[in-house]
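# Results of the structural survey
The chain contents come next:
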Amino acid sequence: SVTFSFERGAIHSIEFLDYKNIEEIQSEIDDQIGSQGISINAEYNVSLYKIVYETLNGYGDSTLASGVIGIPEDRDNAFGIMSWQHGTVVKRNSVSSIDGFNLLSMILSSAGYVYVEADYLGLGISEDFHPYCMDIPSANTVIDMIRAGRNFCNDSDAIQFNNQISLVGYSEGGYATLAAQKMMEQDYPDEFDITISFPMAGPYDLSGTMVDLMLNGEPYGAPYYLPYILLAYIEYYELGELDEFFLAEYAEILPVLFDGYHSGGEIDEQLPNPPIQILLPELVDEFETNPNHFLRNYLQDNNLINWTPESLTYLFHALADELIPFENAQIAYDNFINNGSENIALVPIPESYGGHQEAAPFALITAFQL
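Calculation notes
- Residues numbered from 1 in each chain as written.
- Predicted model: local features only at pLDDT ≥ 70, side-chain atom pairs only at ≥ 80, totals over all residues.
- Heavy atoms only, no water.
- Salt bridge = Lys/Arg side-chain N within 4 Å of Asp/Glu carboxyl O.
- Helix = DSSP H or I, 4+ residues; strand = E, 2+ residues; numbered from the N terminus.
- Buried < 20%, exposed > 50% of the residue type's maximum accessible area, 1.4 Å probe, protein only.
- Pairing = 2+ DSSP bridges.
- Axes fitted to C-alpha atoms, helices over the stretch in contact; angles between N-to-C directions.
- Contact = heavy atoms within 4.5 Å.
- Right-handed = clockwise from strand over helix to strand, strands pointing away.
- Expected span 1.5 Å × (residues − 1).

### Quick notes on the pattern of salt bridges
One pass over the structure, following the stated rule, counts five salt bridges. In this structure, Asp-157 engages Arg-75 in a salt bridge whose closest nitrogen and oxygen atoms are separated by 3.8 Å. Taken as a pair, Asp-157 in the loop between α4 (135-154) and β6 (160-170) and Arg-75 in the loop between β3 (62-72) and β4 (78-85) lie far apart in primary sequence, 82 residues in all. We note that Asp-157, like Arg-75, is exposed.

### Some details on the sheet that holds strand β8 (residues 313-318)
Spatial ordering of the open sheet is given by β1-β2-β3-β5-β4-β6-β7-β8-β9, a layout of nine strands whose pairing is mixed. Whereas interior strands pair on both sides, the edge strands pair on one side only; in this sheet they are β1 (11-20) and β9 (344-349). Each strand of the sheet is rotated relative to its neighbour by a mean of 20 degrees, with strand direction disregarded. Pairing geometry for β1 and strand β2 (residues 46-56), over eight bridges, is antiparallel. Paired with Ile-14 across the strands is Ile-51, a residue of β2. Strand contacts of α4: β1, β2, β3, β4, β5 (113-118) and β6, with the helix running at about 125 degrees to β2, the strand carrying the most contacts.

### Some thoughts on the pairing of β8
Counted residue by residue, β8 has six buried out of six residues, so it is predominantly covered. Burial along β8 is two-sided: the residues Thr-313, Leu-315 and His-317 and Tyr-314, Phe-316 and Ala-318 are all buried. Relative to β8, strand β7 (residues 194-200) runs parallel, the two sharing two bridges. What sits directly across from Ser-197, in β8, is Thr-313. In this fold, the crossover linking β8 to β9 by way of helix α12 (residues 327-339) has right-handed handedness.

### Examining α4
The terminal C-alpha atoms of α4, which comprises 20 residues, lie 29 Å apart, in line with the 28 Å expected from a rise of 1.5 Å per residue. Summarising burial for α4: 17 of the 20 residues are buried, a large majority.

Bear in mind that shape data such as this cannot, by itself, settle questions of function.
Written out as structure tokens, the structure is:
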């Protein structure tokens, strides 16, 4: 007989991906952002590994997921863990465990952080449907990736880590960052000591701000966001058949478009805009008129605005964000303050820095300096 022992964060496999020395990293930094007057110095050579680790799927059952860990080359010092949560991805292979180094992983690893980045469920090696903007699966995947990073360091004589954990994420990654922070503080306060958290541009107010945006009848910059979240909720809350929510042509085509082999841009080409037009009109009418509609209640369950963060937290958000409005951060901040949070700051990014995509570099550079 064989007994399988499941342990969240346990490493299933490790694969070396790439190595870059200080000179190579510095050249990449200078080429990509040096012309913008940003000066960042690489301090360490870095190795990047793909890790497959144990976690929970969207139903709460054991599964495997993938991610990467970047290790600065230094045996004498102990480094903090920096967990980066990436933004919305639909194509399964468009993740760091496949693509390898990106500018952010190079900068953070070479600055002296143990860099960890989860692919998320449904991406990388995971063949589940991605539980898009669902707080518990998002948090579990991030937290177990951090555990896998600690396990990697514990099993290696090439790296030491300390108890500092920093969280940073943008867009969906901002949502995942705040979800992970919430679970760490509420469920695992003795295991994790969060040094600093940077949730950026996340849709924290799903049932309010984001619903209002989708219902306003105006064209939207990323139409695929709407079916992405609805397909996840229909899947994991077992809400019924797709033709109970979508017009027949979209009920048929959406599973093909969201099969993990199409990009967001490719999906958008097949959708109307505003994207609310893919839904059954009677469903939209019922949703608008019923404040207790079951979909609204599930969205409300996944809001991240009604708790009390304790760790040092900076909410970055662009005032001109057209995809995930600034109100998400403002409402979250106001509620956090009213609930008694003390170590929290709201950082509005001026309109001159642009919208959702354009403001991201400013947010990341400012967070890095902090």
